[in-house]
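Structural characterization, general
The chain contents come next:
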Amino acid sequence: MNEYAVYHQPESRFAYALDPNTLSITLRVAASDKLDSVEILYNTKYDFTRERFTVPMHVSACDGKFSYYRAVVRLTDVRFAYVFRITEKGKTYYYSEDGLLDDYDFDLAYYTFFQFPFINAVDVMPVVGWVSDATFYQIFVDRFARGDFDKDDGYINTPWNGEIDRHSFTGGDLDGITEKLDYLFDLGITALYLTPVFLSSSNHKYNVKDYLRVDPQFGDTEKLLRLIRAAHDRNMKVVIDCVFNHCDAEHEIFADVVKRGRKSKYYDWFLTDGVPDIEKGNYACFARCKRMPKWNTSNAAVRRYLIDIALEYVSLGFDGLRLDVADEISHDMWRQLRREIKAAAPDTLIIGEIWHDNEHWLRGDQFDGVMNYKLQKILIDGFGKDPVRATVVSERMNKLLVANLEQANAMALNFLDNHDTPRFLRLAGGNKDKLLCAFVAAVMFPGMPCVFYGTELPLDGDGDPDCRKPFDWMKANQNEAYLQNVKAILGLKKQAALSGGNATVSACGDILTITRRGGGECVTAYFNIGKKSAKLAVSGKILFSLSYGDDTIFGNGVLVVKNNN
């Protein structure tokens, strides 16, 4: 056994509470090790030396380098002490805080056993009540639909179906979204994710001038409230994009600092090198955008200002906050925001925009979930123009599954593309079957699937601004069979096994398999990532199929089957 691969850490993603009486415990070992058994020996920390109970562990994931043995332990007394007993080729080992040993002194175990001293309910990361069957639709407001034809549209500089650039305004607004809610409901959407809607000089509104004034291009507060009410009438949730990393250079607070310099009471609200000079850009900003100065969220007054805005959004009726550039903002800000938002409205969903490793934001004290860029990249590599092997996809999916708490996985936003990335159809070389296969994988994987507006057509496009083309309501290029496939794929989310069930991922040859178990049922998706056909005889109710027939699954094909668990 490779002792250097054996690893466990209490009160981490390897040991955490699922609820006030249940622990998830994981032990990592080398993938190459073929073990006879792995068990947890446990009791309360006060009784461990006298008596121990045994729970078997099973491999829940394998990422190519490591296998992860997991057990869920339900307790009556939550003062938990434990060691691992590992058997390999008939020989027994023990793993504790002292590492891997051939023998273990249980009489003095209170010095070296692992422990989860107490499960305090306030420390348990809850899953927001409505996310288990949530299916999102992301709307870039200027490009989705226009509903108000009486507004001042002098700002519109590009016809709806014209060629767009970074400075195009095409006229989409809040009334347009409200008018299309029945269309979205019929598609299978249960939650909207809106890009920013508040006063800004850009078409994207990520450079905010006034956080509480709806941009007149989109409507006003009453139109926003009408949209939220109409969505709620259809049992649809609404999440708003919040830009708390930076503002517009014309925001009144930054303008005061530019005008008054060190005499401004807001001088330390930004990170400046002397009096800010917009031409020089002698201050921290978003990316290299001098017109977007960065807030100093280490300043308590700044945190108070921004969190009060977030609280106002919740009071307007928004069901969730998507936090832009979340990784550049202080952890202290996010901890404070979470406490106050959850106190005001516990079922508010908090999603952070994090492109890279994100475990330290997802411990239950900051975000509920993140934009799942990790999954997006796996799907690009697995179903894109030049797909990697199914085993590689499986290993990377398994690595992602064990990277965070189960609760955080359930609240990740699983998307194929969004306003910052090329359209998946482009990444798949225009192959709609590959797009649909990736779509099934995004729905099958733990989390909340999110459709970027127009994927159901599907819209094509490269990176920004090409991925932000207006929605083609003429649907000139839409194939009805493709649309029905999209609806069927979204309908998979209604299966009980996909509403919080456990996930396992594996691969054999060119076939990638994702299985979800829960609610007394088992749903399995089989994907042929290779170019050749493969025999695939399965039993159960077929929920969805593409390029499958006569027990054969063809390249770029998928089959989804349900059985009793």
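First, a word on what this report is: a plain description of the structure on this page. (Residues numbered from 1 in each chain as written. Predicted model: local features only at pLDDT ≥ 70, side-chain atom pairs only at ≥ 80, totals over all residues. Heavy atoms only, no water.)

A look at the pattern of salt bridges
Going through the model one piece at a time under the given rule, you end up with 38 salt bridges. As a salt-bridge pair, E39 and R85 come within 2.9 Å of each other at their nearest N and O atoms. Highlighted residues: E39 in strand β3 (residues 37-44) and R85 in strand β7 (residues 80-88), separated in sequence by 46 residues. A residue is classified by how much of its surface remains accessible, and R85, at 23% relative accessible area, is partly exposed. For D324, the salt bridge identified is with R322, shortest N-O distance 3.0 Å. Both residues of the pair, D324 and R322, count as buried. A single network of salt bridges, built from pairs that share partners, joins R426, D460, D462, D466 and K469. (Salt bridge = Lys/Arg side-chain N within 4 Å of Asp/Glu carboxyl O. Helix = DSSP H or I, 4+ residues; strand = E, 2+ residues; numbered from the N terminus. Buried < 20%, exposed > 50% of the residue type's maximum accessible area, 1.4 Å probe, protein only.)

A word on the side chain of T515
When you line up the elements, T515 lands in strand β22 (residues 511-518). At 3.2 Å, the side chain of T515 forms a polar contact with the side chain of T524. If we skip the residues at most four places from it in the chain, T515 touches N502, A503, T504, C522, V523 and T524. (Polar contact = N/O pair within 3.5 Å; in protein donor to acceptor, adjacent residues only side chain to side chain. Contact = heavy atoms within 4.5 Å.)

Points about a nonpolar patch on the surface
Side chains of L108, Y110 and Y111 sit close together on the surface and give an oily, nonpolar patch of about 360 Å² of accessible area. Following the sequence through the fold, Y110 ends up in the loop between β9 (99-101) and β10 (114-116). For Y110, a relative accessible area of 46% translates into the label partly exposed. (Patch = residues over 30% accessible without salt bridge, like charges linked within 9 Å, V, L, I, M, F, W, Y side chains within 5 Å. Areas by Shrake-Rupley, 256 points an atom, 1.4 Å probe, with all protein chains shown as cover.)

What to know about the packing of aromatic side chains
Here the structure, examined in full by the defined rule, presents 41 aromatic pairs. Geometrically, the ring pair formed by Y110 and Y111 is tilted, given 5.0 Å between the ring centres and 45° between the ring planes. With a relative accessible area of 60%, Y111 lands in the exposed category. Ring plane angle 80° and centroid distance 6.1 Å describe the contact between Y183 and F471, whose orientation is recorded as edge-to-face. Of the two residues, Y183 is situated in helix α3 (residues 181-187) and F471 in the loop between β20 (448-452) and α13 (480-491); the sequence distance between them amounts to 288 residues. (Phe/Tyr/Trp six-rings, centres within 6.5 Å; stacked < 30°, edge-to-face > 60°.)

With respect to the sheet that holds strand β11 (residues 136-139)
An order of β18-β17-β16-β15-β12-β11-β20-β19 is seen for the eight strands of this open sheet, with the pairing classed as parallel. Each edge of the open sheet carries a strand with a single partner, namely β18 (369-370) and β19 (413-415). Direction of pairing for strand β15 (residues 237-242) relative to strand β16 (residues 320-323): parallel, over a ladder of four bridges. Paired with I240 across the bridge in β16 is L321. The strands that helix α7 (residues 331-344) touches are β16 and β17 (349-352); relative to β17, the one it contacts most, it runs at about 160°. (Pairing = 2+ DSSP bridges. Axes fitted to C-alpha atoms, helices over the stretch in contact; angles between N-to-C directions.)

Regarding the pairing of strand β25 (residues 541-549)
Relative to strand β26 (residues 552-564), β25 runs antiparallel, the two being bridged by seven bridges. The residue bridging G549 from the neighbouring strand is T552, located in β26. In textbook terms, the turn of a hairpin is the stretch between consecutive antiparallel strands, and for β25 and β26 this stretch comprises two residues, one of which, D550, has a positive phi near 55°.

Focus: the packing of helix α12 (residues 432-444) against α13
To describe two helices that pack against each other, one gives the angle between their axes and the distance between the axes. In contact at an axis separation of 9 Å, α12 and α13 are set at 15° when each is read in the N-to-C sense. Judged by the inter-axis angle, α12 sits roughly parallel to α13. By crossing handedness, the relation of α12 to α13 is classed as right-handed. The segment α12 lies against α13, with K432, L435, L436, F439, V440 and V443 engaging Y482, N485, V486, I489 and L490. Of the residues contributing to the contact of α12 with α13, the split by class is nine nonpolar, one polar and one charged. (Parallel < 35°, antiparallel > 145°, perpendicular 65-115°, else oblique. Left-handed = near helix turned anticlockwise from the far one by under 90°. Nonpolar A, V, L, I, M, F, W, Y, C, P; charged D, E, K, R; others polar.)

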